[in-house]
Amino acid sequence: VEIKKSRKSKNKNKQTFGAWVNHYLAKKNFPLTKDVTEDLKSGIHLIHLVEAVFDMQITKKYHTNPSTEIHKIENVAIALEALQQKNYTFQINSK
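Here is what the cut-offs are and how they apply
- Residues numbered from 1 in each chain as written.
- Predicted model: local features only at pLDDT ≥ 70, side-chain atom pairs only at ≥ 80, totals over all residues.
- Heavy atoms only, no water.
- Core = buried A, V, L, I, M, F, W, Y, C linked by side-chain atoms within 4.5 Å.
- Buried < 20%, exposed > 50% of the residue type's maximum accessible area, 1.4 Å probe, protein only.
- Helix = DSSP H or I, 4+ residues; strand = E, 2+ residues; numbered from the N terminus.
- Contact = heavy atoms within 4.5 Å.
- Phe/Tyr/Trp six-rings, centres within 6.5 Å; stacked < 30°, edge-to-face > 60°.
- Axes fitted to C-alpha atoms, helices over the stretch in contact; angles between N-to-C directions.
- Parallel < 35°, antiparallel > 145°, perpendicular 65-115°, else oblique.
- Left-handed = near helix turned anticlockwise from the far one by under 90°.
- Nonpolar A, V, L, I, M, F, W, Y, C, P; charged D, E, K, R; others polar.

Draft legend 1. Quick peek at the nonpolar core. Membership of the largest hydrophobic core is limited to eight residues, which are Ile47, Val50, Met56, Ile58, Ile78, Ala79, Ala82 and Leu83. Of all the secondary structure elements, the ones that give two or more residues to this core are helix 3 (44-53) and helix 4 (69-85). Per element, the largest residue contribution to this core is four residues, and it comes from helix 4. Not counting residues within four places of it along the chain, the set of residues in contact with Met56 comprises Val50, Glu51, Ala82 and Lys86. Listed in part, the five residues of the second largest apolar core include Val21, Val36, Leu40 and Leu49.

Draft legend 2. Seen up close, the packing of aromatic side chains. For the structure shown, the criterion picks out three aromatic pairs. Here the aromatic rings of Phe54 and Tyr88 are separated by 4.5 Å at their centres, their planes lie at 55 degrees, and the arrangement is tilted. Here Phe54, found in the loop between helix 3 and helix 4, pairs with Tyr88, found in the segment after helix 4; they are 34 residues apart in sequence, far enough to count as distant.

Draft legend 3. How the structure looks around the packing of helix 3 against helix 4. For the pair helix 3 and helix 4, the least separation of the axes is 8 Å and the interaxial angle reads 15 degrees. Relative to helix 4, the element helix 3 is oriented roughly parallel. Along this stretch, helix 3 crosses helix 4, giving a crossing that reads as left-handed. Judged by residue contacts, Ile44, Leu46, Ile47 and Val50 of helix 3 engage Asn75, Val76, Ile78, Ala79 and Leu83 from helix 4. Taken together, the residues of the contact of helix 3 with helix 4 break down into eight nonpolar, one polar and no charged.

This is the structure in structure tokens:
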């Protein structure tokens, strides 16, 4: 019973977060996510989300069609660097 409840809760959290992400992406006419946990991995939606939520434009060139893992990592790094340049702080947990 606890496992079912936990899985159901995670799915609800994912849906809620996906709706929140899409709300901000839609405000700037960016493409919406279908599966937020998968779509953020390429870094493209993350870059767009940072631009939308923080009302900034990321001018650094990024991989628009990342075909390798390193391209995806570079895209994520670009989004995080933009936040750091605006003095936003965060901690990254590798779990």
